[in-house]
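Fold and geometry: a report
As a plain string of letters, each chain reads:
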Amino acid sequence: MSRSLTSPLLGSQFNDFLFAPVGEEKNGMLLSVLSALARLDLDAWQEAATLARLPRTTATERLAGLIATLPDAVLVHKNPAEIASRLIERLPRPTYSDLLTADSAPATNMRAANRIQTLLFLALVLMLFIENLGLANNQLTVVNVNNASAPITSGSAPQLPISKGPQ
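Criteria and thresholds
- In every chain, residue numbers begin from 1 and rise along the written sequence.
- Thresholds applied to this predicted model are a pLDDT of at least 70 for local features of residues and 80 or more for the giving and counting of side-chain atom pairs; totals over whole chains, interfaces and linings are not thresholded and use all residues.
- Excluded from the side-chain calculation are hydrogens and water; included are all heavy atoms of the structure.
- Fitted lines through C-alpha atoms serve as axes, helices being fitted only where they are in contact, and the angles separating the N-to-C directions of these axes extend from 0 to 180 degrees.
- The helix count covers DSSP runs of H or I at least four residues long, the strand count covers runs of E at least two residues long, and both are numbered beginning at the N terminus.
- In this description, contact between two residues means that some pair of their heavy atoms is separated by no more than 4.5 Å.
- Here the nonpolar group is Ala, Val, Leu, Ile, Met, Phe, Trp, Tyr, Cys and Pro; Asp, Glu, Lys and Arg are the charged ones; every other residue, Gly included, is treated as polar.
- Candidates for patches are residues over 30% relative accessible area with no salt bridge; among them, like charges are joined within 9 Å and nonpolar side chains (Val, Leu, Ile, Met, Phe, Trp, Tyr) within 5 Å.
- The protein chains shown are the only cover counted for residues, whose accessible areas, like all others here, come from Shrake-Rupley with a 1.4 Å probe.
- Just to be clear on terms, a salt bridge is a Lys or Arg side-chain nitrogen sitting within 4 Å of an Asp or Glu carboxyl oxygen.
- When accessible area is computed with a 1.4 Å probe and restricted to protein chains, residues below 20% of their type maximum are described as buried, those above 50% as exposed, and intermediate ones as partly exposed.
- Note: the arc covers the axis-to-C-beta directions of the helix.
- Paired strands, in this sense, are two strands between which DSSP finds at least two bridges.
- Under the rule applied, a polar contact is a pair of N or O atoms within 3.5 Å (in protein, one hydrogen donor and one hydrogen acceptor; residues adjacent in sequence only if both atoms are side-chain atoms).
- As used here, the term nonpolar core means buried Ala, Val, Leu, Ile, Met, Phe, Trp, Tyr and Cys residues forming a set that is joined through side-chain atoms within 4.5 Å.
- For every residue, the predictor states its confidence as a pLDDT score lying anywhere from 0 to 100.

Two quantities define a packed helix pair, namely the angle between the helix axes and the distance between the axes. Close contact between helix α3 (residues 44-53) and helix α4 (residues 56-68) brings their axes to 8 Å; oriented N to C, the two are set at 145 degrees. Of the residues in α4, those touching α3 at Glu-47, Thr-50 and Leu-51 are Ala-59, Arg-62, Leu-63 and Leu-66. When the residues that make up the contact of α3 with α4 are grouped by side-chain class, the tally is four nonpolar, one polar and two charged.

Structure, rendered in structure tokens:
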């Protein structure tokens, strides 16, 4: 059996489940969930994580199926559904925040990215509006020099009357 790459990331939250006895073997020894899953060539921590994410009835059915596949010579009293039901109760239940994190993290990140893009777009539109407003105010300016008025547009010099000295 090879351990998956995610197994080391799984903590001790499954210890109560993994080290619980499945039942007594014919030689008198207790068989743990960990040993039973190892005998089935399954990664026990990964299987525990999978079972913990499933609805309780589905997890119980899956575990009962796994227990049923153990060789007959292993357990003295073998009632897979009853054993599985007892063991599944030992699994940690995911919290509401765990479900939110696992299920909606991509959607939440996407909404945040959309908000940022929207704010940046609005800031750009506002800057362009302010710039256009400033240009519109500078389009027509009247210069009054010595009682001479001349309209000017941006980019052109005012045409002022030329005086030829004192008169």
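Here the focus is a nonpolar patch on the surface. Taken together, the side chains of Leu-119, Phe-121, Leu-122 and Val-125 make up a nonpolar region of the molecular surface, amounting to roughly 410 Å² of accessible area. Looking at the secondary structure, you find Val-125 in helix α6 (residues 96-138). Given a relative accessible area of 38%, Val-125 falls into the partly exposed group.

Before going further, it helps to examine helix α5 (residues 80-88). Taken residue by residue, α5 has Ile-83, Ala-84, Leu-87 and Ile-88 as its buried positions. When α5 is viewed along its axis, its buried side chains cluster within an angular range of 125 degrees and face the same direction. Residues of α5 that are buried make contact with α1 (15-18), β1 (21-24), α2 (33-39), α3 and α4.

Here the focus is the pairing of β1. When β1 meets strand β2 (residues 30-32), the two strands line up antiparallel, connected through three bridges. Paired with Glu-24 across the two strands is Leu-30, which belongs to β2. The hairpin turn running from β1 into β2, its antiparallel successor, is five residues long, and Gly-28 in that turn takes a positive phi close to 95 degrees.

Turning our eyes to something else, we now look at the environment of Asp-43. Among the secondary structure elements, Asp-43 is positioned in the loop between α2 and α3. A polar atom in the side chain of Asp-43 sits 3.2 Å from the backbone nitrogen of Gln-46.

Another point: the nonpolar core. Across soluble globular proteins, nonpolar side chains have a tendency to be buried as a group. Grouped together as the largest cluster of nonpolar side chains are 28 residues, with contacts concentrated most on Phe-17, Leu-18, Val-22, Leu-63, Ile-67, Leu-87 and Leu-91. For this core, the secondary-structure elements that each account for two or more residues are α1, α2, α3, α4 and α5. Looking at which element gives the most residues to this core, the answer is α3, with six residues.

With that settled, the discussion passes to the confidence of the model for the chain. A residue-level look at the chain finds 62% of positions with pLDDT of 70 or above and a mean pLDDT of 76. For residues 1-9, every residue scores under 50 in pLDDT, and the model assigns this stretch 13 contacts once sequence neighbours within four places are set aside.

With that out of the way, let us pick up the side chain of Ser-32. For Ser-32, the position within the fold is in strand β2. Given a relative accessible area of 15%, Ser-32 falls into the buried group. Polar contacts involving the side chain of Ser-32 include one to the main-chain amide nitrogen of Ser-35, which spans 3.1 Å. Setting aside anything within four residues of it in sequence, one finds Ser-32 in contact with Leu-18, Phe-19, Ala-20, Pro-21 and Val-22.

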